[in-house]
Amino acid sequence: MATVKDKAVVITGGRRGLGAALVDEVLARGARTVYSTARTAYPDERPQVVTHPLDVRSAESVAALAELAGDAEIVFNNAGVLLPGELLTGRFEDIADTFDVNVYGPLRVARAFAPILAANGGGALVNMLSVLSWMTGSGAYGASKAAAWSVTNSLRDDLAGQHTQVVGVHAGFIDTDMVSGFAAPKTTPAEVARRIVDGLEAGAREVLVDDVSVAAKAALSGPVENLTFALPH
Ligand SMILES: NC(=O)c1ccc[n+]([C@@H]2O[C@H](COP(=O)([O-])OP(=O)(O)OC[C@H]3O[C@@H](n4cnc5c(N)ncnc54)[C@H](OP(=O)(O)O)[C@@H]3O)[C@@H](O)[C@H]2O)c1
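Residues numbered from 1 in each chain as written. Predicted model: local features only at pLDDT ≥ 70, side-chain atom pairs only at ≥ 80, totals over all residues.

Novice: What should I look at first to understand the site of the ligand in this one?
Specialist: Taken together, 27 residues lie around the ligand, and G13, G17, R39, A79 and G80 are the ones closest in. With three residues, helix α1 (residues 17-28) is the single largest residue contributor to the shell around the ligand. Residues belonging to the shell around the ligand are distributed by class as follows: 13 nonpolar, eight polar and six charged. (Near = placed C-beta within 6 Å. Helix = DSSP H or I, 4+ residues; strand = E, 2+ residues; numbered from the N terminus. Nonpolar A, V, L, I, M, F, W, Y, C, P; charged D, E, K, R; others polar.)

Take a look at the structure:
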């Protein structure tokens, strides 16, 4: 069970969207230091916040973050992309990039920070997944989140010996830039961040942020037709 108070926390993609809300949430709960990243350098005037450029597609960039954040005790793999990724007709480069950011990116971060978390007492690794880990309808994005779910589950076993709590987070629409083009009910990033950190601090291994995520997981035991998700336009 990882409490946030007085901890050093890494949040990838913390400049905006859900990541920015996670930065606010862990600061409100007394985090000692928050390492927050974006692909380009940016300022944050809050004394506990250390910003750093990070591209999760680059092992060197991830290694540089790990070098900086050697005191990390909790790592949020939040950064992600939603690119046009129709599996049969989309650009293959976009499909590959989706997997590079959403699957290999968090894995690179996990590999770089696993020894750091071990050295600092175990701590926690939180991976931001999606309801689309389980539902069809979003091409490469959903496929990448399904793969990231599997990676998360395996990492939970791999890191159990060093007492690292591994949390998979599934959510439907969150009101961020990523889904600004979709007119659908959305949860605020602040509310999602609160539910994620509540789960983390309660010792959860999985956080189902909203009803749609609860329903999607339950539907896995039913017919495959029930796993179809139609994105609104
Ligand atoms: N919004 C939703 O409805 C929703 C639902 C379920 C799950 N999620 C997941 O929640 C997470 C946060 O998404 P969001 O809604 O906050 O999206 P967002 O507003 O589009 O923000 C995406 C974040 O990821 C970072 N990022 C993108 N590519 C990166 C790369 N190559 N290297 C490092 N950082 C990169 C961005 O950093 P920059 O500042 O440099 O652009 C930004 O901080 C993602 O994993 C997403 O898949 C979102």
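Novice: When you look at the pairing of strand β2 (residues 33-38) in this model, what are you seeing that I'm missing?
Specialist: Along a regular strand, successive side chains alternate from one face of the sheet to the other. Across the six residues that make up β2, a large majority, six, are buried. Every second residue of β2 is oriented toward a common face, with T33, Y35 and T37 on one face and V34, S36 and A38 on the other, all of them buried. One ladder, built from four bridges, connects strand β1 (residues 8-11) with β2; its direction is parallel. Considered in β2, the bridge of V10 is made with Y35. Regarding the hand of the β-α-β motif, the stretch spanning β1, α1 and β2 is right-handed. Both β2 and strand β3 (residues 49-53) contribute to a ladder of five bridges, which runs parallel. Among the inter-strand pairings, Y35 is bridged to a residue of β3, identified as V50. (Buried ≥ 20, exposed ≤ 12 C-beta atoms within 10 Å, placed from the backbone. Pairing = 2+ DSSP bridges. Right-handed = clockwise from strand over helix to strand, strands pointing away.)

Novice: I'm lost on helix α3 (residues 92-119) in this one. Help?
Specialist: One turn of the α-helix equals 3.6 residues, which is why residues spaced by three or four share an orientation. Across its 28 residues, α3 extends 40 Å between first and last C-alpha, which sits within 8% of the 40 Å expected from 1.5 Å per residue. At F113, α3 shows its maximal bend, which comes to roughly 40 degrees, and the proline P115 appears one to four places after that position. The first or second residue beyond α3 is G121, which carries a positive phi of 105 degrees. (Expected span 1.5 Å × (residues − 1). Bend = angle between axes of the 7 residues up to and from the residue.)

Novice: Explain the packing of α3 against helix α4 (residues 140-158) to me, please; I cannot follow it from the model alone.
Specialist: One way to put it is that α3 packs onto α4 with a least axis distance of 9 Å and a crossing angle of 20 degrees. Here α3 lies roughly parallel to α4, going by the angle between them. Every pair of crossing elements has a handedness; the one defined by α3 and α4 is right-handed. Judged by residue contacts, D94, I95, T98, F99, N102, V103, P106, L107 and A110 of α3 engage A140, Y141, S144, K145, A147, A148, V151 and L155 from α4. Looking at the contact of α3 with α4 residue by residue, the class counts come to twelve nonpolar, three polar and two charged. (Axes fitted to C-alpha atoms, helices over the stretch in contact; angles between N-to-C directions. Parallel < 35°, antiparallel > 145°, perpendicular 65-115°, else oblique. Left-handed = near helix turned anticlockwise from the far one by under 90°. Contact = placed C-beta atoms within 7 Å.)

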